[in-house]
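# Per-entry structural report
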Amino acid sequence: MALVLMCGLSFSGKSTLATQLALELGAELLSLDGINEERGLHGGQGIPLEEWANTNRIAHGRAGALLASDRHVVVDDTGSPRFIRDAWRATATGSAAPFVLVWVQISPELQRRRVLANRDQPSRADVTDAVLTEHAASFEAPNEEAPLIVDAARTTDPATVSAVVAEIRARIVRPPTLLPRTGGLGSPDGTGPTR
């Protein structure tokens, strides 16, 4: 069993990749947006902090139960700021499960193109400009947390998905000990996995 946490800005393709990772790993997919929807909340429109805290408590409880039943869990969330990631690490540690952080990096230009395309032809819930700006301002990049880095332009590429799955499996057996390099899985510079 392992806990895989997605990390990145809105419209980076985290949910798309998380779905594929869960399928390939035989893992349970735990979506914080999904929990919000169950609760009648819509994150892209802004949610009070206390409601996000409640959603996080629910998610951690579900993850703990799944890990206790020896299941892999892929958590689909923004993974920001740092204290959120640290809480997920603690949940993994409390279940004696390996923790893997997958950071999907997106440029501001690509994010804006995806936001505008979604507003023109919706394929997912919109995120207001105010929420996008607030999220970008509060995002704490996990540069020193040994993330597995994925290029947002390649989250649907089968070869990238396979490489991410292979690296997750390797990290479950052998946790990362090196600091991250430039580039990553599916990165334009082709440097490969980042540890």
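Here, every reference points to the structure presented above.
Rules and cut-offs
Residues numbered from 1 in each chain as written. Predicted model: local features only at pLDDT ≥ 70, side-chain atom pairs only at ≥ 80, totals over all residues. Heavy atoms only, no water. Pairing = 2+ DSSP bridges. Helix = DSSP H or I, 4+ residues; strand = E, 2+ residues; numbered from the N terminus. Axes fitted to C-alpha atoms, helices over the stretch in contact; angles between N-to-C directions. Contact = heavy atoms within 4.5 Å. Parallel < 35°, antiparallel > 145°, perpendicular 65-115°, else oblique. Left-handed = near helix turned anticlockwise from the far one by under 90°. Nonpolar A, V, L, I, M, F, W, Y, C, P; charged D, E, K, R; others polar. Phe/Tyr/Trp six-rings, centres within 6.5 Å; stacked < 30°, edge-to-face > 60°. Lys NZ or Arg CZ within 6 Å of the ring centre and 35° of its normal. Buried < 20%, exposed > 50% of the residue type's maximum accessible area, 1.4 Å probe, protein only. Expected span 1.5 Å × (residues − 1). Arc of directions from axis to C-beta. Core = buried A, V, L, I, M, F, W, Y, C linked by side-chain atoms within 4.5 Å.

### Digging into the sheet that holds strand β4 (residues 99–105)
The sheet built from five strands is open, its strands ordered β2-β3-β1-β4-β5 with parallel pairing. The outermost strands of the open sheet, each flanked by one partner alone, are β2 (28–31) and β5 (148–151). Ignoring strand direction, the axes of neighbouring strands in this sheet form an average angle of 20 degrees. Two elements, strand β1 (residues 3–7) and strand β3 (residues 73–76), share three bridges in a ladder whose sense is parallel. Following the sheet pairing, L5 is matched in β3 by V75. On top of the sheet, helix α1 (residues 14–25) reaches β1, β2, β3, β4 and β5; it is set at about 175 degrees to β3, its chief contact.

### A look at the packing of helix α3 (residues 49–68) against helix α4 (residues 82–94)
It is at 10 Å that the axes of α3 and α4 come closest, and there the two elements cross at 30 degrees. It follows that α3 is roughly parallel to α4 by the angle criterion. For the pair α3 and α4, the sense of crossing is right-handed. Residues N56, A59, H60, A63, G64 and L67 of α3 pack against I84, A87, W88, T91 and A92 of α4. Looking at the contact of α3 with α4, its residues break down into seven nonpolar, four polar and no charged.

### Let's talk about the packing of aromatic side chains
Where two aromatic rings form a pair, the distance of their centres and the angle of their planes describe that pair. Inspection of every chain in the model, using the stated rule, returns one aromatic pair. Looking at R124, its charged tip hangs above the ring of F11, at a distance of 4.0 Å from the centre.

### Description of the pairing of β1
Successive side chains on a regular strand alternate, one facing one side of the sheet and the next facing the other. Counting buried positions over the five residues of β1 gives five, a clear majority of the element. Burial along β1 is two-sided: the face carrying L3, L5 and C7 and the face carrying V4 and M6 are both buried. Here five bridges tie β1 to β4, and the two strands are oriented parallel to one another. Residue pairing for β4: V4 is matched across the bridge by V100.

### Considering helix α5 (residues 108–120)
For α5, spanning 13 residues, the distance from its first C-alpha to its last is 18 Å, which sits close to the expected 18 Å at 1.5 Å a residue. Residues of α5 that are buried include every one of L110, Q111, V115 and N118, and no others. Around the axis of α5, the buried residues are gathered within 135 degrees of arc, so they sit on the same side. Away from its buried face, by an angle of more than 90 degrees, α5 presents the exposed residues E109, R113 and D120. Those residues of α5 that are buried lie in contact with α6 (129–138).

### Observations concerning the nonpolar core
Judged by nonpolar contacts, the single largest core of 42 residues is most densely connected at L3, L21, V74, W88, V102 and I168. With six residues, β4 is the largest single contributor of residues to this core. Beyond its immediate stretch of four places on either side in the chain, V102 contacts V4, L5, M6, C7, L17, L148, V150 and I168.

### So, α4
With 13 residues, α4 extends 18 Å between its outermost C-alpha atoms, agreeing within 8% with the 18 Å of an ideal straight helix rising 1.5 Å per residue. Within the sequence span of α4, burial applies to I84, R85, W88, R89, T91 and A92. All buried residues of α4 lie within an arc of 160 degrees about the axis, which places them on one face of the element. Facing away from the buried side of α4 by more than 90 degrees, the exposed set consists of F83, T93 and G94. As for α4, its buried residues are in contact with β1, β2, α2 (32–38), α3, β3 and β4. Trailing α4 by a residue or two, A96 shows a phi angle of about 55 degrees, which is positive.

Functional significance is not addressed by these values, which are geometric in nature.
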